[in-house]
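# Coordinate inspection notes
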Amino acid sequence: MRKFSTGTEAALELRPDHPLYCFRPGILKADAREFMSLFPGDTAYAVKTNGEPMVLSHLVEAGVKIFDVASPGEFAAVREASPDAEMLYMHPVKAQSDIRLALETYGIRVMSLDHEDEIAKVLRIVRALDLDPGSITIYVRLQTKAHATYELSKKFGAAPGHAVELVQRLDRIGFKVGLCFHVGSQVEEAESYESALRSADWVRNRAGVKLAGLDVGGGFPATYGEDPARKQKPMPSLEELMSRLRSDIKEWEFDEMPLTAEPGRVIVARAFSLIVRVMLRKGRRLYINDGIWASLSDSWTGKITLPARFIPDPARKIRNGDPKKVVPFRVCGATCDSVDILSRPFWLPETIDTGDWIEIGHIGAYSLSLRTRFNGFYPDDFVEVSTPFEGEGEPESYASLETMGD
Ligand SMILES: *Cc1c(COP(=O)(O)O)cnc(C)c1O
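Residues numbered from 1 in each chain as written. Predicted model: local features only at pLDDT ≥ 70, side-chain atom pairs only at ≥ 80, totals over all residues. Heavy atoms only, no water.

### Overview of the domain arrangement of the chain
Note the threshold: Where each domain starts and ends comes from a domain assignment, either automatic or drawn from a database. Contact between two residues is taken to exist if any of their heavy atoms lie within 4.5 Å; hydrogens are not considered. Two parts lose some accessible area (1.4 Å probe) when they are put together, and adding that loss for both gives the buried area. Between Lys or Arg on one side and Asp or Glu on the other, a salt bridge is scored when a side-chain nitrogen of the former is within 4 Å of a carboxyl oxygen of the latter.
As assigned here, the chain comprises domain 1 (3–21 + 270–399) and domain 2 (40–262). Each of domain 1 and domain 2 was reduced to a C-alpha centroid, and the two centroids are 34 Å apart. Across the contact, 18 residues belong to domain 1 and 16 residues belong to domain 2. Regarding the contact of domain 1 and domain 2, the summed buried area is about 1,600 Å², with carbon and sulfur atoms giving 57% of it. For domain 1, the biggest contributors to the area lost against domain 2 are Thr305, Tyr366 and Tyr398; these three give 33% of the whole. Joining domain 1 to domain 2, the criterion identifies one salt bridge. Between Arg371 and Glu52 there is a salt bridge, with the nearest N and O atoms lying 2.8 Å from each other.

### Digging into the side chain of Asp290
To keep things clear, this is the line we draw: A run of H or I in DSSP becomes a helix once it reaches four residues, and a run of E becomes a strand once it reaches two; helices and strands are each numbered from the N terminus. Partly exposed residues are those whose accessible area sits between 20% and 50% of the maximum for their type, while under 20% is buried and over 50% is exposed, using a 1.4 Å probe and protein chains only. The charge count treats Lys and Arg as positive and Asp and Glu as negative. His and the chain ends do not count.
Take Asp290: it is sitting in the loop between β14 (285–288) and α11 (297–300). For the buried residue Asp290, which engages in no salt bridge, the nearest side chain bearing the opposite charge is Arg371, 7.8 Å off. Leave out the neighbours within four places in its chain, and Asp290 touches Pro19, Leu274, Val276, Ser295, Leu296, Cys332, Gly333, Ala334 and Pro379.

### Section: unusual backbone geometry
For Tyr366, which is not glycine, the phi dihedral falls at a positive 55°. As for its placement among the helices and strands, Tyr366 is situated in the loop between β18 (357–360) and β19 (381–385). For Tyr366, a relative accessible area of 15% translates into the label buried.

### A short note on the UniProt feature "modified residue: N6-(pyridoxal phosphate)lysine" (unreviewed entry) in the chain
For clarity, the threshold we go by: UniProt positions are given in the numbering used here, feature names are shortened, and annotations may be inferred rather than shown by experiment.
Sequence positions flagged by UniProt for "modified residue: N6-(pyridoxal phosphate)lysine" (unreviewed entry) are, in local numbering, Lys48. Mapped onto the fold, Lys48 is located in the loop between β3 (42–46) and α3 (53–62). A residue is classified by how much of its surface remains accessible, and Lys48, at 45% relative accessible area, is partly exposed.

### A short note on the environment of Tyr45
Going by this rule: In protein, a polar contact means a hydrogen-donor-capable atom and an acceptor-capable atom, both N or O and within 3.5 Å, with residues adjacent in sequence counting only if both atoms are side-chain atoms; elsewhere, any N or O pair within 3.5 Å suffices.
With respect to the helices, strands and loops of the structure, Tyr45 is situated in strand β3. On the basis of relative accessibility, which here comes to 0%, the residue Tyr45 falls in the buried class. Distance in space between the C-alpha atoms of Tyr45 and Glu396 is 32 Å, their sequence separation being 351 residues. The residues touching Tyr45, leaving out its near neighbours within four places in the chain, are Asn50, Val55, Leu56, Leu59, Val64, Ile66, Phe67, Asp68, Pro263, Gly264, Ile267 and Val268. Within polar-contact distance, the side chain of Tyr45 engages the backbone oxygen of Asn50 at 2.8 Å.

### Looking at the site of the ligand
Stated formally: In this text, near means that some heavy atom of the residue lies within 4 Å of the molecule or strand in question. Using the Shrake-Rupley algorithm and a 1.4 Å probe, accessible areas are obtained, with residue cover drawn only from the displayed protein chains. Gly is placed with the polar residues, together with every amino acid not listed as nonpolar (Ala, Val, Leu, Ile, Met, Phe, Trp, Tyr, Cys and Pro) or charged (Asp, Glu, Lys and Arg).
With respect to spatial proximity, 15 residues lie near the ligand, and among them Lys48, Ser185, Glu262, Arg265 and Tyr366 are the closest. In the model, an oxygen atom of the ligand is placed 2.7 Å from a nitrogen or oxygen of the Lys48 side chain. Contact between the ligand and Ser185: an oxygen atom at 2.5 Å from a side-chain N or O atom of the residue. Within the complex, 91% of the 390 Å² of free accessible area of the ligand lies under protein. Grouping the constituent residues of the shell around the ligand by class yields three nonpolar, seven polar and five charged.

### Some details on the packing of aromatic side chains
The description of two aromatic rings rests on the distance between their centres and on the angle between their planes. Quick note on the threshold: Pairing of aromatic rings covers Phe, Tyr and Trp, the last through its six-membered ring, and needs centres within 6.5 Å; plane angles under 30 degrees mean stacked, over 60 mean edge-to-face, and all others mean tilted.
Inspection of the entire model under this criterion finds 10 aromatic pairs. Ring centres of Tyr45 and Phe67 lie 6.4 Å apart, and the angle between their planes is 85°; this geometry places the pair in the edge-to-face category. Separated by 22 residues along the polypeptide, Tyr45 in strand β3 and Phe67 in strand β4 (residues 66–69) bring together distant segments of the chain. Aromatic pair Phe272 and Phe382: ring centres 6.4 Å apart, planes at 70°, arrangement edge-to-face. With Phe272 in strand β13 (residues 272–282) and Phe382 in strand β19, this residue pair connects regions lying 110 residues apart in the sequence. Overall, Phe272 belongs to the buried group, its relative accessible area being 1%.

Okay, structure coming up:
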């Protein structure tokens, strides 16, 4: 992989015509170590956030030993990066053949579920393989209500009363039993974890079973850009959120048992930026070479303010407009699909034009992992960059949260 000091340097030297990912392994490792130092338990990286081999192997180098996985593809990717990493199979709804593969081939001994029929599925395979249920830890996934940018409890999780029954049933069979939850992605308030801890405490007290552990899931917020047009509630910093979480864990007396977290976004967001090129400017519309079917689906949802930096093509000698004036542009993606238009504008200098580049920062989470081959476009070019995205100075541009009238 070619190495550059900054994204701008890479753009000016390579003049990329296709999207170019700038990978920052130093940032990835620093952010992983930072999380591990703040969380009072085990850190299991959530592979779905970004499962690129380069990410997994650098995380292993940074000291990450546990991975949260959901599918055979993720089992294999983690094994490839580390022969002895531990895997937690935290998908509550699993294919029988995948449960067998996890237990038999990958030696996975930690799983989660939220329904009695899933217990029956797991138990059938445990019996068939003649495993001791006492060698397996099963986390019952609790339903939670949280203030997160992406609220996820609608899909998975047992209501508290139901969770009590599941815990007791698993315990009777002889499994080790834990409780887990996932409050959503990019949580906006520290209280989200507290209310989940409160339900975990309720379930523990009713179940009367000694718990093997508590897994607080992911959701820890990454830093993104700021939209000056929007009066946003400031996001809690990771330090603040963690110090709240640590004291809530003590208060609800979960500090005596093994704890696990499954961070994704907070670890990998800053590790990548993406350099896109303006293929065509048409008035206030920019046609770029990436889009919602490639790296920008998280941006398309319009819930995250991505920071962006304008990299003008020095070959363009004549420009219109005021370079200091930042105005909104409608951004159209690379495919011929008419929904491939970002739902929120990018604010960029008025002078931007065909052939210029935009470096979009903090795009490591849920971007590469959501690429499709739709229409034959599949961005897959990488360079290594040493300076953090914001290290080049405050970026002038950003993807807004506000909608734009045509
Ligand atoms: C997606 C997911 C995570 C990671 O979430 P982030 O918001 O990226 O931290 C963790 N745990 C589970 C069960 C998940 O589904």
